[in-house]
Amino acid sequence: MKHPNRSLSFTTPIFISFASIIFCFVIIATLVTLIQRNDIINAYHGINRNFTHNTAVNYAESILHENDYILGRATTYLARNNELDNVVNKDPEKGLQSMMQLLSMMPTVSSLSIADTEGHYLRAPQAIERANAPVFDATSRPWFIHQGDVGIFSRYTQPYVDFFTHQQTITLAKPVISTDGKLKGTLAFHFDLTAMSHTLRQMKPPVKGEFFMVNHKGQALLHPDSSKLFQTVVPEKLLGNMTAGDGEIFDKASRTWYYYYSFTNPDWFVIYKVSGKTLSQLAHHESIIASWGFALAAIIIITFGLYLRQASRGILMNIINAIKTGNSQHAPGLEVMLHKAIEVNKERERAYVRQATVDSLTGCKNRWAFDTDITELMNTHQPFALALVDIDNFKSINDTWGHLSGDIVLRNVAREGITILQAHGLSLYRYGGEEFAVIFTAELVQQAEALLELWRINVASRTWREEGLKVTFSAGLGEWHLETLEHLVSSVDEALYKAKRQGKNRILRTSDS
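Here is a short report on the structure shown in this document. Since the model is a prediction, treat every value here as computed from it, not as a measurement. (Residues numbered from 1 in each chain as written. Predicted model: local features only at pLDDT ≥ 70, side-chain atom pairs only at ≥ 80, totals over all residues. Heavy atoms only, no water.)

1. A few points about the side chain of Ser474
Inclusion rule: The helix and strand labels rest on DSSP assignments: H or I over at least four residues marks a helix, E over at least two residues marks a strand, and numbering proceeds from the N terminus. Counted as a polar contact is a pair of N or O atoms within 3.5 Å, where, for protein atoms, one must be capable of donating a hydrogen and the other of accepting one, and residues adjacent in sequence contribute only when both atoms are in side chains. Contacts: residue pairs with any heavy atoms within 4.5 Å of one another.
You can see Ser474 is positioned in strand β16 (residues 473–479). A polar contact is formed between the side chain of Ser474 and the backbone nitrogen of Asn505, at a distance of 3.1 Å. The contact partners of Ser474, leaving out residues within four places of it in the chain, are Leu388, Val389, Asp390, Asp392, Leu496, Ala499, Lys500, Lys504, Asn505 and Arg506.

Structure follows, in structure tokens:
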């Protein structure tokens, strides 16, 4: 008996073809799934970086900047004539009242201390020394600035135990220096870190993780769990690898991602800690749908292949029978309808994208958008002008009419600016707090001051529903001359505060504009 000729077999080519299709399909599905998982994790990295950056700038940095600003103003006042000596030595009762008024302006500060160069001091609120307690020596405290340590900048202490409360704390201190350069003494703000940490409990991070602030030794300075304050929560070696301004680092030992934002003064880090397992679970959850889609498609392909093999056998048998019998009426047509059996799984849109660039309160672009846009202009060496705008007496508005009215003022001042600027293709940015920024591109540099002036007049002439409310703003304006961003912002900021000193409600250019 002769064996059938294998060259006439049609099942073998069909089997090989579909086996090859299935093999390639599995390879492609595996690669697509892995790429999708990687893209999802990268998307979460971007979201977590933006969350860390925005929280650091909008919360932590704004608090530090506000306290540093108040400290600078207070030391300037104490440096005049013999004001520090009057507060500490000549009339301490009146001095204590003044210091308590200053303390009431800073909810994140628990107490403040002021001392002259000889160690005579005044503390607000006043602390009564017990009879048998050790004698308090201001010159031995970490915040006291000695003659040899004098500098013009404020400084932050390392964690230490407060003499009166016996609790660990951090202090912000600045020397009081007269106009002729003589050291008068020291003014120090002692932080209430527990109260500052309370806000962190109310934050809703994009994924499950811990958000806190540490010093360069990894000790927690702000933490939602106040019991962890001053404990080492980040290895010091890991902090040594955080050399950029912000970014993320993966700790292989604990399989944890650390997203960070670093400050220069103080040398602190804002950290957002997320477990690598958490990100893997999120990526797995979002890619499982695609995996099931690929599995279903594979089942359909196999089913279709089996059907095609069986249908081909039937068609050939009918043709052979038609040839044998000569009856073509029941023979199938030569055109065989092939049904599409492979369903292509559409690529799933990415679930999360970079956080929105618009500030929800004012409708302006946010600080992240400002940094991105101005960096792009500087990298491409395109001429531009920068304006910084600050609402006059905004704290007084909040204190007098409440924070809700303060938000209404912010929103309407921004709306006036957006109306004017958008007509010229310009954007308004919320730079921080009550401060806004405008970037005037090359073709509008000459019109910059006129546009700002129109905005200023519209705000100043606006009628508010609160009786007696008057809102104005001051602004600094300067052109970019290829200097660094820090130098440009500093010069424009100086023009802004010069406008404040000259009476507010005005716009001043930088000296080199």
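2. Regarding the sheet that holds strand β11 (residues 256–262)
Rules: Strand pairing is assigned whenever DSSP identifies at least 2 bridges connecting the two strands. A fitted line through C-alpha atoms serves as each axis, taken over the contacting stretch for helices, and the angle formed by two N-to-C directions is quoted from 0 to 180°.
Strand order in this open sheet of five strands is β9-β8-β12-β11-β10, and the pairing throughout is antiparallel. For this open sheet the edge positions go to β9 (220–222) and β10 (246–251), each flanked by a neighbour on one side alone. Averaged over all pairs of adjacent strands, the angle between their axes in this sheet comes to 35 degrees, without regard to strand direction. Pairing analysis gives six bridges linking β10 to β11, with the strands arranged antiparallel. What sits directly across from Gly247, in β11, is Tyr260. Taken strand by strand, helix α4 (residues 193–201) contacts β8 (210–215) and β9, and its axis lies near 75 degrees from that of β9.

3. Describing the packing of helix α2 (residues 83–90) against helix α3 (residues 92–103)
Worth spelling out the cut-off: These descriptions rest on fixed angle ranges, namely under 35 degrees for roughly parallel, over 145 for roughly antiparallel, 65 to 115 for roughly perpendicular, and the rest for oblique. Residues are grouped as follows: nonpolar covers Ala, Val, Leu, Ile, Met, Phe, Trp, Tyr, Cys and Pro; charged covers Asp, Glu, Lys and Arg; every other residue, Gly included, is treated as polar.
At their nearest, the axes of α2 and α3 sit 6 Å apart, and the two run at 115 degrees to each other. Between α2 and α3, the angle is such that the two are roughly perpendicular. Residues Asn86, Val87, Val88, Asn89 and Lys90 of α2 form the contact with α3, whose own contacting residues are Pro92, Gly95 and Met99. A per-class count over the contact of α2 with α3 returns four nonpolar, three polar and one charged.

4. Examining the pairing of strand β7 (residues 183–191)
Heads up, the condition is: Buried residues are those whose accessible area, probed at 1.4 Å on protein chains only, stays under 20% of the maximum for their type, while exposed residues exceed 50% and partly exposed ones sit between those limits.
A large share of β7 lies buried, amounting to eight of its nine residues. Taken together, the seven bridges between strand β1 (residues 109–116) and β7 define a ladder with antiparallel strand orientation. Counterpart to Val109 in the pairing with β7 is Phe191. The pairing of strand β6 (residues 171–177) with β7 spans seven bridges and is classified as antiparallel. The residue bridging Lys174 from the neighbouring strand is Leu187, located in β7. In sequence, β6 turns back onto β7 through a hairpin of five residues, with Gly181 there showing a positive phi of about 85 degrees.

5. Here's the deal with the sheet that holds strand β17 (residues 507–509)
Read from one edge of the open sheet, five strands run β14-β15-β13-β16-β17, paired in mixed fashion. Looking at which strands have only one partner, the edges of the open sheet turn out to be β14 (428–432) and β17. The average undirected angle you get between the axes of adjacent strands in this sheet is 25 degrees. Sheet topology places β14 next to strand β15 (residues 435–441); four bridges connect them, and they run antiparallel.

6. Observations regarding the pairing of β8
Judged by how many residues are buried, β8 sits mostly within the fold: five of six residues are covered. Bridging between β8 and strand β12 (residues 268–275) involves six bridges; their strand directions are antiparallel. Paired with Val214 across the bridge in β12 is Phe269. For β8 and β9, the ladder comprises two bridges, and the chain directions are antiparallel. Bridge assignment links Met213 to a residue of β9, and that residue is Leu222. Linking two consecutive strands that pair antiparallel, namely β8 and β9, is a turn of four residues; a positive phi of about 85 degrees is found at Gly218 within it.

Read these as spatial facts, not as claims about activity.
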